[in-house]
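Breakdown of the fold
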Amino acid sequence: MTINPDLQGRSYPAAEVYDVGREKIREFARAVKATHPAHFDVEAAKALGHSDLVAPPTFAIIIAQRADAQLIEDPDAGIDFTRVVHADQRFIHHRPIFAGDRLVAELHVDGVRAMGGGAMITTRQEIFALAADDSRESVATTTSSILVRGEGQ
Amino acid sequence: MSPTFSELTVGQDIGSRTVAVSRTDLVKYAGASGDFNPIHWNEAFATGVELPGVIAHGMFTMGAAVQLVTDWAGDPAAVVDFQTRFTKPVLVVDTTGTNEPGATIEVSGAIGKLDADAGTARVDLTVVSAGQKVLMKAQAVVRLS
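Bear in mind the structure is a predicted one, so any value in this text is a computation, not a measurement.

All right, on to the interface of chain A and chain B then. Taken together, the contacts link 31 residues of chain A with 30 residues of chain B. Looking at the side of chain A that touches chain B, the elements that each hand over two or more residues are helix 1 (22-31), helix 3 (61-72) and strand 3 (84-93) of chain A. By residue number, the principal contributor to the side of chain A that touches chain B is strand 3 of chain A, which donates 8 residues. Its residues assigned to classes, the side of chain A that touches chain B shows 16 nonpolar, 9 polar and 6 charged. Sheet topology places strand 3 of chain A next to strand 2 (residues 79-86) of chain B; 5 bridges connect them, and they run antiparallel.

All names here are of chain A. Bridging between strand 1 (residues 11-12) and strand 4 (residues 102-115) involves 2 bridges; their strand directions are antiparallel. Each bridged residue has a counterpart across the sheet, and for S11 the counterpart in strand 4 is H108. Sheet analysis places strand 2 (residues 18-19) next to strand 4, joined by 2 bridges and oriented antiparallel. Residue pairing for strand 4: Y18 is matched across the bridge by L103. Where strand 4 lies against strand 5 (residues 118-130), 12 bridges are found, and the strand directions are antiparallel. Residue L107 lies in a different strand from strand 5, and its bridge partner there is Q125. The antiparallel pairing of strand 4 with strand 5 creates a hairpin that spans 2 residues between the two strands, and G116 there sits at a positive phi of about 60°.

What counts and how
Residues numbered from 1 in each chain as written. Chains lettered and ligands numbered in written order. Predicted model: local features only at pLDDT ≥ 70, side-chain atom pairs only at ≥ 80, totals over all residues. Contact = placed C-beta atoms within 7 Å. Helix = DSSP H or I, 4+ residues; strand = E, 2+ residues; numbered from the N terminus. Nonpolar A, V, L, I, M, F, W, Y, C, P; charged D, E, K, R; others polar. Pairing = 2+ DSSP bridges.

Set out below in structure tokens:
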């Protein structure tokens, strides 16, 4: 399998809406062994001035990886998911993610670089919350690099 | 109690935390995150793609490591920027049926930079498993009042 070098600069528009639920925040928080009450107890979150449960700092990876799936599952991309290794990750939060948010993500392929028989692919996800009138508020910018290992790597 | 910006100094230690990891934890993280790559739960599959065995999701390690910062800051919403490079895989051995962890991750943090104009502190995390640094440039920027 060969990575398509023309991927660089490609964008995928926001697709399905991700509804952030309280139980999903609790489940994700437990899965990363978080114990802060603002992830679990609505009153504790409100006591800190928040509207509802606060998602852990890496929660946006769920939305980011859903957006990435559009690229990874694109037959034209030439990516073998089983040979993908996560190389780096960054979350820039413009505001926290709360239970009740309706999120969408735009995917941008910022870089494709051949490495050995494989490639390093850098993607950026712009995550927005939809308001009741469907206007967008910028919530987070996430970036990640994945290494698609070539044979023998 | 949240830390006060004016009382912080570069190099200051914010504490440490030990995270025990089992294969069950990786299955839970797979379910919670939606990342079902079999290298994180299937030994035969992992060794078949030339890995030493089942490895933790990098995002599990990153997500568990930042809890030290969240608890120190007193509010998870204070973490406005968090990044890392994944340098070494965390190999998680199968200890199913015992109380032994399949891997242990040691997390410690120190103030790396203070930005008075922005009111932010950068916490630099050191994250080690089996004697090796598994994250590099693991930096969390925290906004303090």
